[in-house]
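These are the residues of each chain, in order.
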Amino acid sequence: MKTFQRIGAALVLAAFLTGCSHTEHTATTLPPQNIRTSEPKSVPAPELTSESLYDYEIKTRADGSQYAIIQGFRNDDATLIPPGWDAAFPKELGGAVVTAFAPNAFQNIPLGNYSYGNLRISADIVSIGPHCFENCGLTDIIFEKKDWTQTDFAAPLTIQERAFAGNSELWGIYFSDRAVLLDKEVFADCAETGYLCYMSYQDKTADMADVLKAYAAQYQWHAVEIPSYFSDTPIVHYPDTLLTLKPEIGNFFRSEDGTDDFLFYPYEYQDDALYYGFPEWYIPCGEFCAMMEWNYEIDASSCLSSGNRNYEAKNLGYWAGRNLAWAEGADGAGIGERICITSRCGYGYEHDLYPKGTVCFLSGDIEPDIYDGYMRYTQICVVNGYAKNPKTWTENGRVKRLLMYVEDRPYARLELEDTLYPQYFTLPVDAIKAADGVDIHFTFIIEEVYAGTTYEDTCMTGLLIDFMGRRGH
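Here's what I pulled together on the structure shown here. (Residues numbered from 1 in each chain as written. Predicted model: local features only at pLDDT ≥ 70, side-chain atom pairs only at ≥ 80, totals over all residues. Heavy atoms only, no water.)

A look at helix α3 (residues 209–218)
Put simply, the rule is: When accessible area is computed with a 1.4 Å probe and restricted to protein chains, residues below 20% of their type maximum are described as buried, those above 50% as exposed, and intermediate ones as partly exposed. Helix and strand labels come from DSSP, where a helix needs a run of H or I of at least four residues and a strand needs a run of E of at least two; each type is numbered from the N terminus. Of all possible arcs, the one meant is that of the directions from the helix axis to the C-beta atoms. Contacts are residue-level and defined by heavy atoms, with any inter-residue pair within 4.5 Å sufficient.
The set of residues buried in α3 consists of Ala209, Leu212, Tyr215 and Ala216. What you see down the axis of α3 is that its buried residues fit within an arc of 140°, all on one side. Set apart from the buried face of α3 by more than 90 degrees, the exposed residues are Asp210, Ala217 and Gln218. Next to the buried residues of α3 lie β10 (180–182), β11 (195–200) and β12 (222–227). Positive backbone phi, at 60°, marks Gln220, one or two positions downstream of α3.

Some thoughts on the packing of aromatic side chains
Stated formally: Pairing of aromatic side chains requires ring centres within 6.5 Å, counting the rings of Phe and Tyr and the six-membered ring of Trp. Pairs whose planes differ by under 30 degrees are stacked, by over 60 edge-to-face, and all others tilted. Throughout this description, the term charge over a ring refers to an Arg CZ or Lys NZ atom that lies within 6 Å of the ring centre and within 35 degrees of the ring normal.
As enumerated under the stated definition, the model contains 33 aromatic pairs in all. Aromatic side chains Phe89 and Phe101 sit 5.2 Å apart centroid to centroid with 70° between the ring planes, which places their arrangement in the edge-to-face category. Placement of the pair is Phe89 in the loop between β2 (66–73) and β3 (92–93) and Phe101 in strand β4 (residues 96–101), with a sequence separation of twelve residues. Phe101 matches Phe89 in its accessibility class, with the two residues each being buried. Three or more aromatic residues joined by ring pairs form one cluster here, namely Tyr54, Phe73, Phe89, Phe101, Phe106, Phe133, Phe143, Phe164, Phe175, Phe187 and Trp221. Here the guanidinium or amino end of Arg470 rests over the ring plane of Phe467, the centre of that ring lying 5.4 Å away.

Side note on the sheet that holds strand β9 (residues 172–174)
For the record, the criterion: DSSP-based pairing: two strands are paired if at least 2 bridges between them are found. Under this scheme, a helix contributes an axis fitted over its contacting stretch, all axes are lines through C-alpha atoms, and angles between N-to-C directions fall in the 0 to 180 degree range.
Pairing is parallel in the open sheet, where five strands are placed in the order β5-β7-β9-β11-β12. Every interior strand has two partners, whereas the edge strands, β5 (118–121) and β12, have only one. When the angles between neighbouring strand axes are averaged without regard to direction, this sheet yields 20°. Across three bridges, the pairing between β9 and β11 is parallel. Within β11, the position partnered with Tyr174 by the bridge is Cys197. Contacting β11 and β12, α3 runs over the sheet at an angle of about 170° to β11.

Some points on the sheet that holds strand β18 (residues 293–300)
What links the strands of a sheet is backbone hydrogen bonding, and the strands pair in either a parallel or an antiparallel sense. Ordered by their spatial adjacency, six strands build an open sheet running β14-β25-β24-β28-β20-β18, and the pairing between neighbours is mixed. Pairing within the sheet leaves two strands with one partner each, and these edge strands are β14 (243–245) and β18. Here the average twist between neighbouring strands, direction ignored, is 25°. Examined bridge by bridge, β18 and strand β20 (residues 338–346) share eight bridges and lie antiparallel to one another. By the bridge assignment, Glu293 is partnered in β20 with Gly346.

Describing the pattern of salt bridges
Pairing between side chains becomes possible if they bear opposite charge and their charged atoms approach one another. The cut-off we apply is this: Think of a salt bridge as a Lys or Arg side-chain nitrogen and an Asp or Glu carboxyl oxygen that are within 4 Å of each other.
For the structure shown, the criterion picks out 21 salt bridges. For Glu395, the salt bridge identified is with Lys391, shortest N-O distance 2.7 Å. Taken as a pair, Glu395 and Lys391 lie in helix α4 (residues 390–395) at a separation of four residues, close to a single helical turn. We classify Glu395 as buried; its relative accessible area is 16%.

Focus: the nonpolar core
Rules: Here, nonpolar core means buried Ala, Val, Leu, Ile, Met, Phe, Trp, Tyr and Cys residues that are tied together by side-chain atoms lying within 4.5 Å of each other.
Among the nonpolar cores identified, the biggest contains 64 residues, and Tyr377, Ile380, Met404, Ile432, Phe442 and Phe444 are the most heavily contacted of them. Take this core: its biggest share by element is seven residues, from strand β23 (residues 374–384). Those residues in contact with Ile380 that sit more than four places away from it in its chain are Phe278, Met404, Leu414, Gln423, Tyr424, Phe425, Leu427, Phe444, Leu463, Leu464 and Ile465. Leu93, Ile128, Tyr215 and Trp221 belong to the second-largest nonpolar core, a separate cluster that totals 49 residues.

Dropping the structure here:
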């Protein structure tokens, strides 16, 4: 335990010494080439410096310039790191800029215990040795943006074999604008679903996009672009041919105390429960409470006429539960009828906290969630037919196939199962997004139906589109 406390102090001190500055340092007094430092193993707390907290080595390039390689922590006295600090390392040691981490430098050291799993790595780093941060309890990593105006040295970032392997909860990595060379199994034995993020530009494709997409696909992860600009229109990557999406069948859920009166923590799933969709949407004062605005409008080309207005398009929203449904009002079975959804989410005041081209990996009730000022639409929940009970569901028609448009362009076909239960369709990660406060429009057209036993009308109980980018308190 004392060793971990010393490690914690090293990280705190590094945070105080380095802060968030991107200033380049020029060495004034340079140690001899390839000589490892050998400060005393015990230094009084008031005199603690990065020089005494790290083992490091100074090397010299062919042009005579020098750089430092961090080889790990020393075992000096320290105090326990307070919670909530991002782990950071000094940008300069021995008068030389730190540009590399040695092999195995922090392997098996629980860095995540002292930083909520966060790790920040300076833009000066160009090499991370094999197994360097293996099994450290990390959850997310941010490589800081390179300030190209301050240097002509543009070496790519090389991350060697299993450098971040074994961090079972590591799911978010942001390379900023760095060119990256990834060795094999860099993120082996990490989270089942992970995101390799990179900065994108409005006028050109990011250099690393194809490389990271290929690497992510190899390990069943995702590559995500973080725009360095604000777009006042949605950003949609349309497929070359229409996608065909098939669902996973879910279930209904009820509140914590087993009732359906009001949902505080809707995690209990039961066949006869009232609600459906995405549980996070129901948590009072959860992520949506932090928004300046959240607009989710639903309209339809027709609605079945009813004195009590039971069949309006707004019934497709999640608050209606299973008691209400939308029914088309056209002649016949409703082929060609459409449902239109407009979604807009905005935080407004968060813009100054999260400048363009930055990212925050969120944890907690909405984990995993990438926040960079863009909302990424990730999943569709459909409750088919009039799902109030098995009788109403069987008597009325249900949708068999929907044609989905995004911003008035065809995007996918949804092949629906003939089931009363919620159906979840997964959208490609990062393919559909809209900036903070920007409207995005979806249209769903009925192409084929399942016939009801009694009525010709085609019904739907719910149609919800979930998204990444929500922020809670």
